[in-house]
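Geometric and topological summary
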Amino acid sequence: MKSKAPLVLMEQMVMLLVFALASALCLQAFVKSDDLSQRSAARDRAAVEAQNAAETLRSQSGDMGSALTQTAEALNGEYAQGLFWLDYDENWTPIDYDACGMEAPAAAYRLEAQGVPADVPGLQTASVTVENIEDPASPDVLFSLNVSWQEVNGRG
């Protein structure tokens, strides 16, 4: 009579292989869900920051250049040549390059606002965009919106 030990051992090996494959699939699913969760959290925060910048921009007076300049001052951002921007680190803390100097953390996100030509006299329109710039070769737009306001007697 032959022993059934090799058959039982083979069955155990197959069960172990199936268990290993199933656990690898579950681990990949958890990693993917964590990536999706982090991306969703970044998009939610980008929406809040873009809306904050848009409301600050709308509350300023004057033409587009002065509105962008005043917004840069109000939010501690930068302004040059018709573009306002504000960089954030990976924890969404605004980076103040003037205060940090050479020890500034690497920027992970950038909020930008710039004027958009409007066909209607007295109407000011700006585009506000938040990008993930951790990979400078391919920035990823997280959130974008347009904001418009009407100038009245030279004031917004």
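Residues numbered from 1 in each chain as written. Predicted model: local features only at pLDDT ≥ 70, side-chain atom pairs only at ≥ 80, totals over all residues. Heavy atoms only, no water.

**Focus on the overall build of the protein**
Looking only at helices and strands, the protein features three helices and five strands. When its helices and strands are written in sequence order, the protein yields α-α-β-β-α-β-β-β. Taken over the C-alpha trace, the protein has a radius of gyration of 26 Å; the compact-globule value for 156 residues is 15 Å, which it surpasses by more than 25%. Structurally, the protein occupies a C-alpha span of about 105 × 40 × 25 Å along its principal axes. The buried share of the protein, reckoned over its 156 residues, is 29%. Looking at the protein alone, contacts between residues at least 24 apart form 41% of all its contacts between residues at least 6 apart. For the protein, the accessible surface area stands at approximately 10,500 Å², while carbon and sulfur atoms represent 57% of it. Placing the 9 positive and 22 negative side-chain charges of the protein at their respective mean positions leaves the two points 16 Å apart. (Helix = DSSP H or I, 4+ residues; strand = E, 2+ residues; numbered from the N terminus. Rg over C-alpha atoms; globule rule 2.2 N^0.38 Å. Buried < 20%, exposed > 50% of the residue type's maximum accessible area, 1.4 Å probe, protein only. Contact = heavy atoms within 4.5 Å. Areas by Shrake-Rupley, 256 points an atom, 1.4 Å probe, with all protein chains shown as cover. Lys, Arg positive; Asp, Glu negative; His and termini not counted. Charge placed at Lys NZ, Arg CZ, Asp CG, Glu CD.)

**What to know about unusual backbone geometry**
A positive phi angle, close to 60°, is found at Asn-76, a residue other than glycine. With respect to the helices, strands and loops of the structure, Asn-76 is situated in the loop between α2 (64-75) and β1 (78-80).

**Quick notes on the environment of Met-64**
For Met-64, the position within the fold is in helix α2. Met-64 sits 59 residues away from Leu-123 along the chain, and the two C-alpha atoms are 9.8 Å apart. In this view, Met-64 contacts Gly-115, Gln-124, Thr-125, Ala-126 and Trp-149; residues no more than four positions away in its chain are not counted.

**So, the side chain of Asp-87**
Its location among the elements puts Asp-87 in strand β2 (residues 83-88). With relative accessibility at 3%, the residue Asp-87 sits in the buried group. Here Arg-110 takes part through its side chain, which lies 2.6 Å from a polar atom of the side chain of Asp-87. Setting aside chain neighbours within four positions, we find Asp-87 in contact with Thr-93, Pro-94, Ile-95, Tyr-97, Ala-107, Tyr-109, Arg-110 and Ile-133. (Polar contact = N/O pair within 3.5 Å; in protein donor to acceptor, adjacent residues only side chain to side chain.)

**Things to note about the sheet that holds β2**
One open sheet holds the five strands; their spatial order is β1-β2-β3-β4-β5, and the pairing between them is antiparallel. Two strands bound the open sheet, and with one partner strand each, they are β1 and β5 (140-150). Within this sheet the neighbouring strands show an average axis-to-axis angle of 20°, counted without direction. Pairing of strand β3 (residues 109-116) with strand β4 (residues 123-132), which is carried by eight bridges, proceeds in the antiparallel orientation. Paired with Ala-113 across the strands is Val-128, a residue of β4. Running at roughly 20° to β5, helix α1 (residues 5-59) makes contact with β2, β3, β4 and β5 of the sheet. (Pairing = 2+ DSSP bridges. Axes fitted to C-alpha atoms, helices over the stretch in contact; angles between N-to-C directions.)

**Here we look at the nonpolar core**
Counting 26 residues, the largest nonpolar core has Phe-84, Trp-92, Leu-111, Val-128 and Val-147 as the members making the most contacts within it. At the level of secondary structure, the elements contributing two or more residues to this core comprise α1, α2, β2, β3, β4 and β5. With six residues, α1 is the single largest residue contributor to this core. When neighbours within four sequence positions are excluded, Val-147 is seen to be in contact with Ala-54, Leu-57, Arg-58, Gln-124, Thr-125, Ala-126 and Val-128. (Core = buried A, V, L, I, M, F, W, Y, C linked by side-chain atoms within 4.5 Å.)

So, to be careful, I would describe these as geometric facts and stop short of saying anything about function.
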